[in-house]
Amino acid sequence: MTAIASRPTTWDENWASRAVCRSSSAADDLFAKGAAQQTAKAICQKCPVVAECLADALDNRTEYGVWGGMTERERRALLRRRPEVRSWAQLFRLARQQDSERAS
């Protein structure tokens, strides 16, 4: 079983400097095709800033690679399902804040 990094309670605007893939030789693996993308998604499971990464990819309509634990196809599907979302970062930030408040 893979350990999941503890998730921060505050939103990290400088998330890229803390991303697991930044200091990993696996960064190139995040641009895999087909079934290899599932392996690439495992890198994200260990990342403490996975939500920030995903929000950035969704807000910027990043087309290629695995970002925030989602493939480009998964991100496109999410964007189609939730066209009313103007800022994924704001949505995720609010959800994190509410989770933190419930936990305390």
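1. A look at the overall build of the chain
Then comes step 1: For the chain, the count of helices and strands is four helices and zero strands.
Then comes step 2: Starting at the N terminus, the α and β elements of the chain follow one another as α-α-α-α.
Then comes step 3: Expressed as a percentage of its 104 residues, the buried residues of the chain come to 37%.
Then comes step 4: Long-range contacts, defined here as pairs at least 24 residues apart, represent 61% of the contacts in the chain between residues at least 6 apart.

2. Digging into the packing of aromatic side chains
For any two aromatic rings, the description comes down to two numbers: the centre-to-centre distance and the angle of the planes.
Then comes step 1: The final tally for this structure, using the stated rule, is two aromatic pairs.
Then comes step 2: Ring plane angle 80° and centroid distance 6.2 Å describe the contact between phenylalanine 31 and tryptophan 67, whose orientation is recorded as edge-to-face. Note that phenylalanine 31 is positioned in the segment before helix H1 (36–45) and tryptophan 67 in the loop between helix H2 (50–59) and helix H3 (72–81), a separation of 36 residues in sequence.
Then comes step 3: Ring geometry for tryptophan 88 against phenylalanine 92: centres 5.8 Å apart, planes inclined by 65°, an arrangement best described as edge-to-face. Placement of both tryptophan 88 and phenylalanine 92 in helix H4 (residues 88–103) is noted, with a separation of four residues, approximately one turn of the helix.

3. Observations regarding the packing of H2 against H4
Then comes step 1: With their axes 8 Å apart at the nearest point, H2 and H4 run at an angle of 155° to one another. Looking at the two axes, H2 sits roughly antiparallel to H4. Across the interface between the two elements, Ala51, Glu52, Leu54, Ala55, Leu58 and Asp59 of H2 pack against Trp88, Ala89, Phe92 and Arg96 of H4.
Then comes step 2: Taken together, the residues of the contact of H2 with H4 sort by class into seven nonpolar, no polar and three charged.

4. Regarding unusual backbone geometry
Then comes step 1: The phi torsion at arginine 61 lies on the positive side, around 50°, for a residue other than glycine.
Then comes step 2: Relative to the helices and strands, arginine 61 resides in the loop between H2 and H3.

Definitions and cut-offs
Residues numbered from 1 in each chain as written. Predicted model: local features only at pLDDT ≥ 70, side-chain atom pairs only at ≥ 80, totals over all residues. Heavy atoms only, no water. Helix = DSSP H or I, 4+ residues; strand = E, 2+ residues; numbered from the N terminus. Buried < 20%, exposed > 50% of the residue type's maximum accessible area, 1.4 Å probe, protein only. Contact = heavy atoms within 4.5 Å. Phe/Tyr/Trp six-rings, centres within 6.5 Å; stacked < 30°, edge-to-face > 60°. Axes fitted to C-alpha atoms, helices over the stretch in contact; angles between N-to-C directions. Parallel < 35°, antiparallel > 145°, perpendicular 65-115°, else oblique. Nonpolar A, V, L, I, M, F, W, Y, C, P; charged D, E, K, R; others polar.

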